[in-house]
Structures are given as structure tokens and as C-alpha cells.
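Geometric and topological summary
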Amino acid sequence: MKTLRTPEELRDAGLIAPERAAALADVAARYAVAIPPALAAVIDRNDPNDPIARQFVPDVAELDVQRQENADPIGDAAHSPVEGIVHRYPDRVLFKLTHVCAVYCRFCFRREMVGPNHPNALSAEARARALAYIAAHPEIWEVILTGGDPLVASARRLSETLRGLAAIDHVKVLRIHTRVPIAAPETITPALVRALKVKGKPTWVAVHVNHAGELGREQRTAIARLADGGLPLVSQTVLLKGVNDSVETLEALMRALVECGIKPYYLHHADLAPGTAHLRTDIATGQALMRALRGRVSGLCQPDYVLDIPGGHGKAPVGPAYLASADDTHFTVTDFTGQTHVYPPDDQ
């Protein structure tokens, strides 16, 4: 089975009804479509509300662009001193190695910047300029490879890039953001795992997963290969309406991640990307889910609920508050059952 890229291929694979194909042509012309075999295999074709399909199968609702939506919703361009680099925070940079992904999410905040209508990858000259920028800024402690998806690059190219970064003394930590272990798990080969490890610098891998149903046998095997190779793993999840906006679904996902050796890291509030309103919840819903999750699962299973502030102002935690000032010397603290307590407690 090949990667599905057109409405006709989605129709022939049974992922959309035949009558939807013509209506989705405009969506596919504007935003990239790609559903690789490993993800197509975990979509329930008998469920019209399948949460995996909702993330990857295009929808005509994507043509409805809201006034507040933006082609660059988190303000990457405002912090890009050279091509391929986003330097938003003082001690770390994003390094956009490629503009291609193994799968294209319908809620992607970089959907206007990735896909076949854009350059596949940084040129050798642009990559050299990006490395030179990092080398010239000693405050940069961490480099995060993103894109696109950096793991669509060859093991050779990844190894060259990581070795180049590791040679910069002030860069101490490398991080890779990827969907590939979920979308194309067969490409997580021993050779690729070896390419991700560089002497003297830890490489962290942040795996994007939104639903426990994405963690099939092949995906778990790929994740285990990364973990067994000594690569520390964290997760990123986007809160999405109709995908994971129930506490039961989030609980199942976070438990499954920890069982795979992945520490839940971020639960992102969905960004204001064009044509994604049908997938966004409101912040109050996210806060209620996080509060409910707190009482149900181990601390290992707790991600940080964050919002990327539009305009390039960075992430802010937006989870529920548990502490409030009672007076000049006391606070009220809410426990996981919702009861409040005074701290420090009054003398008995």
C-alpha cells in the first residue's frame, strides 16, 4: 500500500465516501495531504467519527478561514534571523531542516509552510548559514530540529547535521520533534537510531501523538527501538475537538505513552492556523480536562497544558490554578477531588 495523497486515493482506500472526493479537491489543492500505510491501517472505516481519520483526512471545513486565524499563528517569521532558524527564546533555537512530513495533520500550525508546494529541504548553503548562526551565539544551549519532520531526512544527512551541531561546544542538548515513529514506523531502523546519537551530547526525541489508537504494534516497536537505543523520549499532544477532548481519551493516551517509555511533555492548545476552527476547543475545556486528569493518573502521565501566544510571544502555561490567596498569610489550595484547604492550616 502506498501513501495516500489525493481525494481519489482516499476514496479508493475507503477513507472517504465516493461523493466527498470532488468537494475535497479544493482542500487538497491548498493544503498538503499524505496518509502513509501505517496510519491508514489504524483508521476504522466503519466509524464516521474515527479520531485518527479526523486528524489526517481532509475536510471541507478547512476552507472556512476565521478572521483571527493566521498563516504564521505562532510568529516564527518574527524570530527568524536566517533561513531555517527560529530564535524565540534566549537559550534555544528551532532548526527547520526540511519542509516535508511523512503525514500532514489537518490542524498543523505550519500548514502554509510545508508540503510539496514548498522547497523540500534547506539547501547546503542555507544549512551552513544556520550552523554558523548557532556557532556565533554562545547563549544557545539547545537546538531543536523540526520542520516539516526532520526524520524524513536520510540517516546520512541527519548524522551530518547532528555531528555539526555537536561540534559546537556551547550546544549541550539536541532535540528532535517528529511524527515519523507514528506515521512511518518502518523507517525507524537501527541505522537511523545510530544516526541520532552523537558522542557527548544527548539527543531527546519528542514524539507527536494525539490518541492512543495511533499506538499500534508497529508504532510501539519503532518507539521501543528508539528507547532501547538510549534516546530519551517525551511526547507532544494537541488538544483537538472530536479527537481527544474527553478525560477518558486523554487518560488512555497518557497511560499508553508512559507504558511505551515516553514522558508526556506538552498538551498544546490548538493554534489559530487557517481552516482549523472545527478542530479547536476553548481553553476552559482544556483546563477542565487537566483538572480531571490530575485526579485520575500518576504524575508521570501529566503533561503541561500550554498556549503558544499569537504573534511570536512564546508558550505560556494555561492549566487550571490550584492555589489562591486567602489573606496576607494564608492560601487556599484545591486538591484533586475539588475540595479546598487552607495553607498553612490554622492552629488546632
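Look above for the structure.
Residues numbered from 1 in each chain as written. Predicted model: local features only at pLDDT ≥ 70, side-chain atom pairs only at ≥ 80, totals over all residues. Heavy atoms only, no water.

Description of the overall build of the protein chain
Put simply, the test is: Only DSSP runs of H or I covering at least 4 residues are called helices, and only runs of E covering at least 2 are called strands; the numbering of each starts at the N terminus. Using C-alpha atoms as the atom set, the radius of gyration is obtained and then compared with a globule rule of 2.2 Å times the number of residues to the power 0.38. Relative accessibility under 20% of the residue-type maximum defines a buried residue, over 50% an exposed one, and the middle range a partly exposed one, all with a 1.4 Å probe and only protein chains included. Between two residues, a contact is recorded if the distance between any of their heavy atoms is within 4.5 Å. Note on areas: Shrake-Rupley, 1.4 Å probe, and residue coverage restricted to the protein chains presented here.
When helices and strands are tallied, the protein chain shows 11 helices and 12 strands. On C-alpha atoms alone, the protein chain measures out to a radius of gyration of 21 Å, which is about the 20 Å that the 2.2 N^0.38 rule sets for 348 residues. Each of the three principal axes of the protein chain carries a C-alpha extent, and together these read 70 × 55 × 40 Å. Buried residues in the protein chain amount to 50% of all 348 residues. Pairs at least 24 apart in sequence give 75% of the contacts found in the protein chain among residues at least 6 apart. A total accessible area of about 15600 Å² is found for the protein chain, and carbon and sulfur atoms account for 54% of it.

With respect to the sheet that holds strand β4 (residues 173–178)
Rules: Paired strands are those between which DSSP finds at least two bridges. Here, axes are lines fitted to C-alpha atoms. For helices the fit covers the stretch in contact, and angles between N-to-C directions go from 0 to 180 degrees.
Spatial ordering of the open sheet is given by β1-β2-β3-β4-β5-β6-β7-β8-β9, a layout of nine strands whose pairing is mixed. Each end of this open sheet is capped by a strand with a single partner; those strands are β1 (85–89) and β9 (315–317). When strand polarity is set aside, the average angle formed by the axes of neighbouring strands in this sheet is 25°. Both strand β6 (residues 233–239) and strand β7 (residues 263–269) contribute to a ladder of six bridges, which runs parallel. The residue bridging Q236 from the neighbouring strand is Y266, located in β7. Together, β2 (92–96), β3 (142–146) and β4 form the strand contacts of helix α6 (residues 155–166), whose direction differs from that of β3 by roughly 165°. Along the sheet, helix α11 (residues 283–294) makes contact with β6, β7 and β8 (304–308), crossing β8 at roughly 165°.

Focus: the pattern of salt bridges
Spelled out, the test is: What counts as a salt bridge is simple: a side-chain nitrogen of Lys or Arg found within 4 Å of a carboxyl oxygen of Asp or Glu.
Taken as a whole and assessed by the stated rule, the structure comprises 17 salt bridges. As a salt-bridge pair, D76 and R110 come within 2.8 Å of each other at their nearest N and O atoms. Of this pair, D76 sits in the loop between α4 (51–56) and β1 while R110 sits in the loop between β2 and α5 (124–135), and the two are 34 residues apart along the sequence. Each member of the pair, D76 as well as R110, carries the same accessibility label: buried.

Considerations on the packing of α5 against α6
A packed helix pair is summarised by two numbers, namely the angle formed by the two axes and the spacing between the axes. Quick reminder of the rule: The labels follow the angle: roughly parallel below 35 degrees, roughly antiparallel above 145, roughly perpendicular from 65 to 115, and oblique for the rest. We call a crossing left-handed when the near helix sits turned anticlockwise from the far one by less than a right angle, and right-handed when that turn is clockwise.
At a minimum axis distance of 10 Å, the contact between α5 and α6 shows a crossing angle of 25°. Our classification of the angle between α5 and α6 gives roughly parallel. Considering the relative orientation of α5 and α6, their crossing is right-handed. Between α5 and α6, the contacting residues are R127, L131 and I134 on the first element and R157, E160, T161, G164 and L165 on the second.

Quick word on the pairing of strand β12 (residues 340–343)
Across four bridges, the pairing between strand β11 (residues 331–334) and β12 is antiparallel. In the sheet register, F331 faces β12, and the bridge partner there is Y343. In textbook terms, the turn of a hairpin is the stretch between consecutive antiparallel strands, and for β11 and β12 this stretch comprises five residues, one of which, G338, has a positive phi near 95°.

A closer look at the side chain of T237
Spelled out, the test is: Any pair of N or O atoms that falls within 3.5 Å is considered a polar contact. Within protein, one atom must be able to donate a hydrogen and the other to accept it, and sequence-neighbouring residues count only if both atoms are side-chain atoms.
Here T237 lies in strand β6. Among the polar contacts made by the side chain of T237, one reaches the main-chain carbonyl oxygen of V209 at a distance of 2.6 Å. In this structure T237 touches V209, N210, N244, L253, M254, Y266, L267 and H268, once residues within four positions along its chain are discounted.

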